[in-house]
Amino acid sequence: MDVGDAGAGGDGAELERGLGGAELLRHAVGSLLSNYGWYILLACVVIYVIVQKISQSLAARQGGRAGAVDAADIEPDLVVRRQEALAAARLRMQEELNAQAERYKEKQRQLEEEKRRQKIAMWESMQEGKSYKGNLKLSQQEVESGASTSAAVPKSKPNKKPLRGGGYNPLSGEGGGTCSWRPGRRGPSAGG
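Since we're looking at a predicted model, the values are computed, not measured.

### What about the overall build of the chain?
Assigned secondary structure in the chain consists of three helices and zero strands. Along the chain, helices and strands appear, N-terminal first, in the series α-α-α. Expressed as a percentage of the 192 residues in the chain, the buried residues total 1%. About 18,400 Å² of surface is accessible on the chain, with carbon and sulfur atoms providing 59% of the total.

Here's what the structure looks like:
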């Protein structure tokens, strides 16, 4: 009987260990979900959203490529016209840019020529013994004097009555009315 009991007891112990393993697994999974359940759920939702976005973008790229190729195959004349219009617009903009550059260069040449003329005039006036700056100031004064002679009319000031009498002295303390200033008392304050 011992042998039969031992055999039956061995099978029962194995069954109990099997149930204990299942119980242990259930307990481990339960504690994992109770501690980190919300985090696991949130991670699953985020992964699902990312997978959906990636699949939509891949589908859009493949559909967009196929649509572009189909449009080019269907309307080659339209593509050629668009390219010609684009080339014409680029050429037109390049011509405008070249014209602007030419105008700028012409302005620069004119400014350089004007500076050169001024330097020559200054050099010639200095050779004659005149000051170039003095001539410039003299010519400006002549222009201003011509304009000021016609507009310069001396204005006389009207006679104004003084606000206070001639004998008023604010430091004397007289005649000030109710507004008189007196210095404060010397010494410590009366607080205590």
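### Remarks on helix H2 (residues 76–127)
Its 52 residues place the ends of H2 76 Å apart at the C-alpha level, agreeing with the 76 Å of an ideal helix rising 1.5 Å per residue. Positioned one or two residues after H2, Gly129 has a phi angle of 95°, which is positive.

### What to know about the pattern of salt bridges
Inspection of every chain in the model, using the stated rule, returns five salt bridges. The salt bridge involving Glu23 is made with Arg26; its shortest N-O contact spans 2.7 Å. Taken together, the residues Glu23 and Arg26, both in helix H1 (residues 2–74) and three residues apart, mark about one turn of the helix. Arg26 gets classed as exposed once you look at its relative accessible area, which sits at 58%.

### Focus: the environment of Trp181
As for its position among the elements, Trp181 is in the segment after helix H3 (132–151). Given a relative accessible area of 73%, Trp181 falls into the exposed group. As a C-alpha pair, Trp181 and Leu171 span ten residues in sequence and 9.5 Å in three-dimensional space.

### Details of a nonpolar patch on the surface
Residues Leu25, Val29, Leu32, Leu33, Tyr36, Tyr39 and Ile40 make up a contiguous nonpolar surface patch of roughly 720 Å² in combined accessible area. Structurally, the position occupied by Leu32 is in helix H1. The partly exposed category is assigned to Leu32, whose relative accessible area is 43%.

### Side note on the confidence of the model for the chain
For the chain, per-residue confidence averages 77 on the pLDDT scale, and residues scoring 70 or more make up 62% of the total. In this model residues 1–9 is a low-confidence stretch, pLDDT under 50, and it forms zero contacts with partners more than four residues away in sequence or in other chains.

Procedures and definitions
Residues numbered from 1 in each chain as written. Predicted model: local features only at pLDDT ≥ 70, side-chain atom pairs only at ≥ 80, totals over all residues. Heavy atoms only, no water. Helix = DSSP H or I, 4+ residues; strand = E, 2+ residues; numbered from the N terminus. Buried < 20%, exposed > 50% of the residue type's maximum accessible area, 1.4 Å probe, protein only. Areas by Shrake-Rupley, 256 points an atom, 1.4 Å probe, with all protein chains shown as cover. Expected span 1.5 Å × (residues − 1). Salt bridge = Lys/Arg side-chain N within 4 Å of Asp/Glu carboxyl O. Patch = residues over 30% accessible without salt bridge, like charges linked within 9 Å, V, L, I, M, F, W, Y side chains within 5 Å. pLDDT = per-residue confidence, 0-100. Contact = heavy atoms within 4.5 Å.

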